[in-house]
Amino acid sequence: MIGRAALALSALILTAGVAAPWVWPLPAGVAAPVVPADNPMSAAKVALGRRLFYDADLSIDGTMSCASCHEQKHAFADGNTTRPGVHGDAGRRNVPGLANVAWLPVLTGADPRVTPLEAQAAIPIFGLTPVEMGMHGSEQEIPRRLSRDTCYRRQFRNAFPERRGRIDMAVVAMALASFERSLVSFDTPADRGALSSEAKAGKAVFGRVCASCHAGPQFTDGRFHTILPVNAADRGLAEVTGRAQDEGRFRTPTLRNVAVTGPWFHDGSARTLREAVTRHPVTLDASATDQLLAYLEALTDRGFMENPTFAYPDRPCGQD
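This structure is a prediction, so every number in the text was calculated from the model and none was measured.

A.B. asks: Now, about the side chain of Glu180: what can you tell me, with residues and values included?
C.D. replies: Inspection of the secondary structure assignment puts Glu180 in helix 8 (residues 169-181). Despite its burial, Glu180 pairs with no opposite charge; the closest candidate is Arg181, at 7.4 Å N-O. Dropping the residues within four chain positions of it, Glu180 is found in contact with Phe53, Val101 and Leu117.

Put into structure tokens, the structure is as follows:
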């Protein structure tokens, strides 16, 4: 369990200046995630990344930010089947939550090549299949926009003193990645051992039928599996590998905050968590299903969705 003091320290660090060290607010027994050597964590980077995460100037027409699809109230998922892009292009896959994304070995639903968060940022900002934020062909527009803002210029200098405040997409991606790595969620009833009798029974059911794929503290093995019927419109992992055996394979999603990150599956086709459970190739009677659902509900970290240090920064530059 993360104590109040640790959360308070986290809040202080997020708003502190460049000299503040980064402290991971982690419970006992949880090791800090691996962080790239060329982008070490700092309070200044996280504060900058937080502001960028909520800034719609990262989209071509100023209407979409990262937070438009990754909403804190949904544990940084979306709540929709898919999300259209700035030009109305239909979204292709359901938006995943970002809880503990720093620990995930694979960051997308069907591309194992995307592993650092710094690289992932380019997918929604510049991607074409589908178009999301629509900045392809306008790569210099984001630095131009941000450079006009006095507060941003100060924040980039503080966050990246070795670059003397240079604003480009490389440092934008590094700051976004730093904020995303700060999205720590380890304070659920299950983490605290505060389970109802039904949820305790559900934990045993989970261990029997779910834990082989939804493994470890993040409830994912990081591998790719086929659960739904193969759909030619989205071939999953096969689009990357070209192998027939990878048709319809998608990454095992983390189950942290799963009760609030629906709809479920890569295509958002399961409208309820019960439906998502029953569409797996396991056989459970009604009682066992109810117990399993109670356990999955206990993987919800309410504090994570209410933590003010993750919310829109009303005062990104202090008193400015």
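A.B. asks: Go over the state of the cysteines with me, naming the residues and quoting the values.
C.D. replies: If you walk through the whole model with that rule in mind, you get 1 disulfide. Residue Cys151 pairs covalently with Cys317 via a disulfide, S to S 1.7 Å. Here Cys151 and Cys317 share a disulfide; its torsion about the S-S bond, 95°, makes the bridge right-handed. Placement of the pair is Cys151 in helix 7 (residues 150-159) and Cys317 in the segment after helix 14 (302-306), with a sequence separation of 166 residues. Given a relative accessible area of 14%, Cys317 falls into the buried group.

A.B. asks: Go over the nonpolar core with me, naming the residues and quoting the values.
C.D. replies: The biggest cluster of nonpolar side chains holds 53 residues, and the ones touching the most others in it are Leu52, Phe53, Ile125, Phe156, Val172 and Leu176. Every element with two or more residues in this core is listed here: helix 2 (43-53), helix 3 (66-69), helix 5 (122-126), helix 6 (141-147), helix 7, helix 8 and helix 14. It is helix 8 that provides the largest number of residues to this core, a total of 9 residues. Residues contacting Leu176, with those up to four places away along its chain left out, are Gly49, Leu52, Phe53, Leu58, Cys66, Ala121 and Ile125. Among the nonpolar cores identified, the runner-up in size contains 24 residues, and Trp264, Ala276, Val277 and Ala298 belong to it.

A.B. asks: Describe in detail the packing of helix 10 (residues 197-209) against helix 13 (residues 286-297), supporting the description with residues and values.
C.D. replies: Look at helix 10 against helix 13: their axes get within 7 Å of each other, and the N-to-C directions meet at 100°. Taken together, the axis directions place helix 10 and helix 13 in an arrangement best described as roughly perpendicular. Taken together, the residues of helix 13 that come into contact with helix 10 (itself represented by Glu198, Ala199, Ala201, Gly202, Lys203, Val205 and Phe206) are Ala288, Asp290, Gln291, Leu292, Ala294, Tyr295 and Leu296.

A.B. asks: Lay out empty space enclosed by the protein with the relevant residues and their values.
C.D. replies: Under the definition given, this model contains 1 cavity of 30 Å³ or more. Within this model, the largest cavity holds a volume of roughly 40 Å³. Residues that form the lining of the largest cavity fall into these classes: 4 nonpolar, 3 polar and 1 charged.

A.B. asks: Break down unusual backbone geometry for me, citing the residues and quoting the values.
C.D. replies: Backbone torsion omega between Thr129 and Pro130 reads 0°, so that peptide bond is classified as cis. Within the secondary structure layout, Pro130 lies in the loop between helix 5 and helix 6. With a phi close to 65°, Phe76 is a non-glycine residue in the positive phi region. Residue Phe265 is not a glycine yet carries a positive backbone phi of 75°. Inspection of the secondary structure puts Phe265 in the loop between strand 2 (250-251) and helix 12 (273-278). We classify Phe265 as buried; its relative accessible area is 18%.

The rules behind the values
Residues numbered from 1 in each chain as written. Predicted model: local features only at pLDDT ≥ 70, side-chain atom pairs only at ≥ 80, totals over all residues. Heavy atoms only, no water. Helix = DSSP H or I, 4+ residues; strand = E, 2+ residues; numbered from the N terminus. Buried < 20%, exposed > 50% of the residue type's maximum accessible area, 1.4 Å probe, protein only. Lys, Arg positive; Asp, Glu negative; His and termini not counted. Salt bridge = Lys/Arg side-chain N within 4 Å of Asp/Glu carboxyl O. Contact = heavy atoms within 4.5 Å. Disulfide = S-S within 2.5 Å. Core = buried A, V, L, I, M, F, W, Y, C linked by side-chain atoms within 4.5 Å. Axes fitted to C-alpha atoms, helices over the stretch in contact; angles between N-to-C directions. Parallel < 35°, antiparallel > 145°, perpendicular 65-115°, else oblique. 1 Å grid on protein atoms, 1.4 Å probe; cavity = no way out; pocket = protein on both sides within 12 Å on 5 of 7 lines; lining within 4 Å. Points joined across faces, edges and corners; volume = space filled by probe spheres on them. Nonpolar A, V, L, I, M, F, W, Y, C, P; charged D, E, K, R; others polar.

What is shown is where atoms sit, not what they do.
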